[in-house]
Amino acid sequence: MMRIYLIGYMGSGKSTVGKGLAKSLNLSFIDMDDYIEERNMRTISQIFEEVGEDGFRKIERKALFELSEFEDVVIGTGGGAPCFFDNMDVIKKTGKSVYLKGTPRILSERLMNSKVERPLIKGKSEQELVAFINETLTKREYWYNQADVVIEFDHDLSDDEVLKAVVS
Ligand code: S3P
């Protein structure tokens, strides 16, 4: 049985990388945000609007508990998921964790070009986004760095690079 968690900041490519990795290892891929949206019949933005970030974090924690029982999966977690409650302990106890450690440069570049709605960074200018990433990433790395595998990058990762790092 195999369960792999991809963790990392918004824009680190958890979904893209996760789909490729799942395919290479013959596992299913599940995106935690998609799972939350389906289970709650609301988009992430609607959940933030209705119950705020605190409410969202509780819903996210419940989703993590549910997903931590899925087998033979690659789970792309939400960017904040490992950094609240004892979620990172749950992740570490129930699977192999892989931190996609993008530089602030590549994260901001991707997030500026992304069409995905992300309530935490909505409406930010490029300058504001860079400042926000630098501030929050420093805090979040305390959790992210606890991952079993850390993949540092400043370019688009190939499926091969990821696979090598994960199975090494
Ligand atoms: C968040 C990241 C998002 C989503 C929510 C909050 C965060 O997921 O869970 O908007 O706190 O970093 P992605 O990392 O998939 O964008």
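None of the values given here were measured: they were computed from a predicted structure.

Chemist: Help me understand the environment of Cys83 in this model?
Modeler: Take Cys83: it is sitting in the loop between β3 (73–76) and α4 (87–94). Placed 60 residues apart in sequence, Cys83 and Trp143 show a C-alpha to C-alpha distance of 5.8 Å. Apart from residues no more than four positions distant in its own chain, Cys83 is found in contact with Arg140, Trp143 and Tyr144.

Chemist: Looking at this structure, I do not really get the pattern of salt bridges. What am I missing?
Modeler: Summed over the entire model, instances satisfying the criterion amount to 11 salt bridges. One salt bridge in this structure joins Arg39 and Glu66, with 2.8 Å as the shortest N-O distance. Residue Arg39 is located in helix α2 (residues 32–40), and its partner Glu66 is located in helix α3 (residues 44–67); the two are separated by 27 residues in the primary sequence. Judged by its relative accessible area of 46%, Arg39 is partly exposed. Between Glu60 and Arg57 there is a salt bridge, with its nearest N and O atoms 2.9 Å apart. Of this pair, Glu60 and Arg57 both sit in helix α3, 3 residues apart, which is roughly one turn of the helix. This pair shows no difference in class: Glu60 is buried, exactly as Arg57 is.

Chemist: How should α2 be read in this particular structure?
Modeler: Three or four residues apart is the spacing at which side chains of an α-helix point the same way, because the helix has 3.6 residues per turn. Turning to α2, its buried residues number three or more, namely Met32, Tyr35 and Ile36. All buried residues of α2 fall inside an arc of 100 degrees around its axis, so they share one side. On its buried face, α2 is in contact with β2 (28–31), α3 and β3. Capping the start of α2, Asp31 holds a side-chain oxygen 3.1 Å from the backbone nitrogen of Asp33, two or three residues further along. Just downstream of α2, Met41 is the residue with a positive phi angle, here 55 degrees.

Chemist: Which parts of the structure should I look at to understand the layout of surface pockets?
Modeler: Over the atoms rolls a probe the size of a water molecule, and in doing so it shows where empty space is left. Its volume calculated, the largest pocket comes out at about 800 Å³. Considering the residues around the largest pocket, the lining is formed by 41 residues, among which Gly11, Ser15, Asp33, Val116 and Arg118 are closest to the centre. Where the lining of the largest pocket is concerned, the elements lending two or more residues are α1 (14–25), α2, α3, α5 (104–113) and α7 (159–167). Classifying every residue of the lining of the largest pocket gives 14 nonpolar, 14 polar and 13 charged. A volume near 170 Å³ is recorded for the second largest pocket. Leu111, Met112, Ser114, Lys115, Val116, Glu117, Arg118, Ile121, Lys122, Gly123, Lys124 and Leu129 together form the lining of the second largest pocket. In terms of residue class, the lining of the second largest pocket is built from 5 nonpolar, 2 polar and 5 charged.

What counts as what
- Residues numbered from 1 in each chain as written.
- Predicted model: local features only at pLDDT ≥ 70, side-chain atom pairs only at ≥ 80, totals over all residues.
- Heavy atoms only, no water.
- Helix = DSSP H or I, 4+ residues; strand = E, 2+ residues; numbered from the N terminus.
- Contact = heavy atoms within 4.5 Å.
- Salt bridge = Lys/Arg side-chain N within 4 Å of Asp/Glu carboxyl O.
- Buried < 20%, exposed > 50% of the residue type's maximum accessible area, 1.4 Å probe, protein only.
- Arc of directions from axis to C-beta.
- Polar contact = N/O pair within 3.5 Å; in protein donor to acceptor, adjacent residues only side chain to side chain.
- 1 Å grid on protein atoms, 1.4 Å probe; cavity = no way out; pocket = protein on both sides within 12 Å on 5 of 7 lines; lining within 4 Å.
- Points joined across faces, edges and corners; volume = space filled by probe spheres on them.
- Nonpolar A, V, L, I, M, F, W, Y, C, P; charged D, E, K, R; others polar.

Limitation: the analysis is restricted to geometry and does not speak to function.
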